[in-house]
Amino acid sequence: MDNMMTTTEKQKLADNPFYFSNSKTEVLEEALRMFIETFDEYARKNELTEKQISAFKQLIMDSYAEKRALYFLENKFSGFNDYINKSFHFALKHLFENDDKDSITKFFYYNKKHRLINNEQY
C-alpha cells in the first residue's frame, strides 16, 4: 500500500507539465523516440561529428519541449475556452428580460456544476 498515490499526489503530477500526459503527448513521445533512433542511424552512416549530432539533437529537443508545452496549455485552457464560448453564445442569443431570470439561473448553476466536476481529477 505504500506504493499507492493519494489523490492529492496525482493532482500534483497532473498539474506538473513534466509529468502531464494525454493521448497527444503519448504520440509525441513515440514520435520523438522514433526520430532519435532514425537520426542516430543517419549520423552513424554519414559520420557526423559529435558537435553536429549534439546541435541537431538540441533542435529536436527544443521542438519537442515546445510542442509538449503547447499540449499542456491546450489541456489546461480547454475548460476555460469552453466556458467562454458558452457564455458568449448565451449572452448573444438571449435578451436578458425579466421572464428569462429562471433560465439564466439554471445556466450559471450548470456552468458552476460543470466546472466543479471538470476540475475534479481522479
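You'll find the structure just up there.
Analysis parameters
Residues numbered from 1 in each chain as written. Predicted model: local features only at pLDDT ≥ 70, side-chain atom pairs only at ≥ 80, totals over all residues. Heavy atoms only, no water. Salt bridge = Lys/Arg side-chain N within 4 Å of Asp/Glu carboxyl O. Helix = DSSP H or I, 4+ residues; strand = E, 2+ residues; numbered from the N terminus. Buried < 20%, exposed > 50% of the residue type's maximum accessible area, 1.4 Å probe, protein only. Polar contact = N/O pair within 3.5 Å; in protein donor to acceptor, adjacent residues only side chain to side chain. Contact = heavy atoms within 4.5 Å. Core = buried A, V, L, I, M, F, W, Y, C linked by side-chain atoms within 4.5 Å. Axes fitted to C-alpha atoms, helices over the stretch in contact; angles between N-to-C directions. Parallel < 35°, antiparallel > 145°, perpendicular 65-115°, else oblique. Nonpolar A, V, L, I, M, F, W, Y, C, P; charged D, E, K, R; others polar.

Undergrad: How do you make sense of the pattern of salt bridges when you look at a structure like this?
TA: Between side chains of opposite charge, a pair can form as their charged atoms come close. With the rule as written, the count across this model stands at 6 salt bridges. Among the ionic pairs, Glu29 bridges to Arg68, the shortest N-O distance being 3.3 Å. One end of the pair, Glu29, is in helix α2 (residues 23-45); the other, Arg68, is in helix α3 (residues 50-93), with 39 residues separating them in the sequence. Residue class for Arg68 comes out buried when judged on its relative accessible area of 13%. The salt bridge involving Glu30 is made with Arg33; its shortest N-O contact spans 2.3 Å.

Undergrad: Quick question: what am I supposed to make of unusual backbone geometry here?
TA: Among all residues except glycine, the phi angle is most often negative; among peptide bonds, the trans geometry is most common. With phi around 50 degrees, Glu47 is a residue other than glycine that occupies positive phi space. With respect to the element layout, Glu47 can be found in the loop between α2 and α3.

Undergrad: Teacher, can you tell me more about the side chain of Thr25 here?
TA: Inspection of the secondary structure assignment puts Thr25 in helix α2. The class for Thr25 is buried, based on a relative accessible area of 1%. Polar side-chain contacts of Thr25 include one of 2.7 Å to the backbone nitrogen of Asn22. Non-local contacts of Thr25, meaning those with residues more than four positions away in its chain, are made with Phe20, Arg68 and Tyr71.

Undergrad: When you look at the nonpolar core in this model, what are you seeing that I'm missing?
TA: Grouped burial of nonpolar side chains is what soluble globular proteins tend to show. Core analysis: the largest hydrophobic core is formed by 6 residues, namely Leu28, Leu32, Ile36, Ile60, Tyr64 and Tyr71. Those elements that provide at least two residues to this core are α2 and α3. Residues contacting Ile36, with those up to four places away along its chain left out, are Lys57 and Ile60.

Undergrad: Is there a simple way to think about the packing of α2 against α3 in this case?
TA: Helices that pack against each other are described as a pair by the angle of their axes relative to one another and the distance between those axes. In contact at an axis separation of 11 Å, α2 and α3 are set at 175 degrees when each is read in the N-to-C sense. Comparing their axes, α3 and α2 come out roughly antiparallel. The residues of α3 that touch α2, namely those facing Lys24, Thr25, Leu28, Glu29, Leu32, Phe35, Ile36, Phe39, Asp40 and Ala43, are Ile53, Phe56, Lys57, Ile60, Met61, Tyr64, Lys67, Arg68, Tyr71 and Glu74. Counted by class, the contact of α2 with α3 contains 12 nonpolar, 1 polar and 7 charged residues.

Geometric values such as these leave the question of function open.
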